[in-house]
Amino acid sequence: MLRSARHPAAYIKEEGANPTGSFKARGLALAVTMARHYGFRKLAVPSAGNAAGALAAYAAAAGIEAHIFMPKDVPFANYVEAVAYGARVTLVDGLISDCGRMVAERSKSEGWFDISTLKEPFRVEGKKTMGYELVEQLGWEYPDAVFYPTGGGVGLIGMWKAFAELEELGWVRPGKRPRMIAVQSAGCAPVAKAFEQGAKASEMWENAATFASGLRVPKPYGDAIMLEILRESGGVALGIPDDKILDSLRDWAKNEGLFLSPEGAAATAAYDRLLESGFLKPSDRVVLFNTGSGLKYTDVTAEAMGLQLPRS
Ligand SMILES: Cc1ncc(COP(=O)(O)O)c(C=O)c1O
């Protein structure tokens with residue numbers, strides 16, 4: 001947990017130092033451990049990128065086969081790591097929703113266990129540790145708000161569960177639970193749209209496009225649970241345009257020395273927006289999740305910045 005140099009009440013929860021460079025390691029470390037415990041030999045996953053790397057790494061360590069389906073335009077690092085870990089990788093001309101369909105269709109005939117988001121119980125259990133940690137690192141107190149870059153929403157659901165458990169254990173000082181802020185890209189914002197419309201569930205987002213690849217989930221499976229949590233917590237869901245995400249990425253790199261992932265920069269941009277609108281005060285204690293290392297995105301971030309190495 002890093003305190004912002006410019007916003008004394010804001011903390012970045014830096015997830016880039018996890019094995020495989022993103023928070024996806026938390027869920028998949030546990031899910032693969034349990035899959036091995038139950039004797040599964042072949043795991044399959046649709047992934048926006050980072051879950052693929054995490055599954056591939058833990059599967060390799062456990063001696064289990066990993067079958068990965070991901071969009072063909074994922075950040076290059078996600079493809080390279082999955083191949084290097086020995087996973088069977090299929091690059092799909094489509095979105096994570098198309099990948100999910102392929103896994104579901106083939107799992108039975110291929111003998112794969114489908115380890116998709118929220119279709120088995122342990123990824124959410126692994127991700128909930130983010131909730132324990134942020135409370136522990138704030139001296140066993142809740143912050144006022146938590147900004148979570150939201151695709152499938154597993155971390156948001158997991159943290160809410162962690163808060164309930166901390167209360168039951170008596171490990172958190174009595175106080176109001178944080179407002180949960182679901183941050184999406186304006187290029188794929190099904191949860192933000194459903195939240196604005198007061199809907200109970202989201203609708204499939206057509207032509208989803210954003211350089212924050214982890215947020216490109218056009219119809220999250222756990223949308224109804226997320227929307228309930230956002231409302232219960234007094235939070236909100238926002239869609240941030242990619243140009244604002246890039247501005248915030250550059251701003252935090254230059255002024256704070258942090259090279260955020262595009263998903264993390266969506267959270268910092270959302271924080272700026274909610275300070276401007278008065279939804280939050282500068283004195284409100286907030287946790288902003290940088291869900292992955294900026295270094296996993298050098299190709300997509302360079303493209304967004306218009307950067308290229310000179311070729312001789
Ligand atoms: C870096 C990053 N941030 C955020 C997300 C969204 O996570 P979730 O699906 O748990 O909402 C992803 C998913 O791939 C990701 O890789």
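Attention in this report is confined to the structure presented alongside it. (Residues numbered from 1 in each chain as written. Predicted model: local features only at pLDDT ≥ 70, side-chain atom pairs only at ≥ 80, totals over all residues. Heavy atoms only, no water.)

### Overview of the overall build of the protein
Working step 1: The helix and strand inventory of the protein stands at twelve helices and ten strands.
Working step 2: By its C-alpha atoms, the protein is 60 × 55 × 35 Å across when sized along the principal axes.
Working step 3: Counting across all 312 residues of the protein, residues that qualify as buried make up 55%.
Working step 4: Sequence separation of at least 24 residues holds for 72% of the intrachain contacts in the protein that already meet a minimum separation of 6.
Working step 5: Total accessible area on the protein is roughly 13,600 Å²; 54% of this is exposed by carbon and sulfur atoms. (Helix = DSSP H or I, 4+ residues; strand = E, 2+ residues; numbered from the N terminus. Buried < 20%, exposed > 50% of the residue type's maximum accessible area, 1.4 Å probe, protein only. Contact = heavy atoms within 4.5 Å. Areas by Shrake-Rupley, 256 points an atom, 1.4 Å probe, with all protein chains shown as cover.)

### What about the packing of helix α1 (residues 24-37) against helix α2 (residues 50-62)?
Two numbers describe a pair of packed helices, the interaxial angle and the distance between the axes.
Working step 1: Remark: α1 packs on α2, axes separated minimally by 9 Å, with the N-to-C direction vectors making an angle of 35°. The two elements α1 and α2 meet at a crossing, and its hand is right-handed. Between α1 and α2, the residues in contact are Lys24, Ala25, Leu28, Ala29, Val32 and Arg36 and Asn50, Ala51, Ala54, Leu55, Tyr58, Ala59 and Ala62, respectively. (Axes fitted to C-alpha atoms, helices over the stretch in contact; angles between N-to-C directions. Left-handed = near helix turned anticlockwise from the far one by under 90°.)

### Here's the deal with the environment of tryptophan 160
Working step 1: Within the secondary structure, tryptophan 160 is located in helix α7 (residues 154-169).
Working step 2: Here tryptophan 160 falls in the buried class, since its relative accessible area comes to 11%.
Working step 3: Once residues lying within four places of it in the same chain are set aside, the contact partners of tryptophan 160 are Arg177, Pro178, Met180, Ile229, Glu232 and Ser233.

### Description of unusual backbone geometry
Trans is the common state for peptide bonds, and a negative phi is the common state for residues other than glycine.
Working step 1: Phi angles above zero are rare outside glycine, and tryptophan 140 is one such case at about 65°.
Working step 2: In this structure, tryptophan 140 sits in the loop between α6 (129-137) and β7 (145-149).
Working step 3: For tryptophan 140, a relative accessible area of 32% corresponds to the partly exposed category.
Working step 4: Despite not being glycine, asparagine 207 has its phi angle at roughly 50°, a positive value.
Working step 5: Its place among the elements puts asparagine 207 in the loop between α8 (190-196) and α9 (223-233).
Working step 6: Note on asparagine 207: relative accessible area 73%, which makes it exposed.

### Observations concerning α6
In an α-helix there are 3.6 residues to a turn, and that puts residues three or four apart on one side.
Working step 1: Among the residues making up α6, those that are buried are Met130, Gly131, Leu134 and Val135. Here the buried residues of α6 occupy an arc of 125° about the axis, which is enough to place them on one side.
Working step 2: Each element contacted by the buried residues of α6 is listed here: β2 (10-14), α1, α5 (122-127), β7, α7 and β10 (286-290). (Arc of directions from axis to C-beta.)

### Considering the site of the ligand
Working step 1: Looking at the ligand, there are 17 residues lining it, with Tyr148, Gly151, Gly152, Gly153 and Thr291 nearest.
Working step 2: Lysine 24 places a polar side-chain atom, nitrogen or oxygen, 3.3 Å from an oxygen atom of the ligand.
Working step 3: One of the side-chain nitrogen or oxygen atoms of lysine 127 is found 3.0 Å away from an oxygen atom of the ligand.
Working step 4: Protein chains shield 97% of the accessible area of the ligand, which is 390 Å² for the free molecule.
Working step 5: A per-class count over the shell around the ligand returns six nonpolar, eight polar and three charged. (Near = heavy atom within 4 Å. Polar contact = N/O pair within 3.5 Å; in protein donor to acceptor, adjacent residues only side chain to side chain. Nonpolar A, V, L, I, M, F, W, Y, C, P; charged D, E, K, R; others polar.)

### Details of the nonpolar core
Working step 1: If you look at the biggest cluster of nonpolar residues, it comprises 60 residues, and the most contacted ones within it are Phe147, Met159 and Met180.
Working step 2: In this structure methionine 180 touches Val146, Leu156, Met159, Trp160, Phe163, Ile229, Leu230, Ser233, Gly235 and Val236, once residues within four positions along its chain are discounted.
Working step 3: If you look at the next biggest cluster of nonpolar residues, it comprises 21 residues, including Val32, Leu43, Val45 and Ala62. (Core = buried A, V, L, I, M, F, W, Y, C linked by side-chain atoms within 4.5 Å.)

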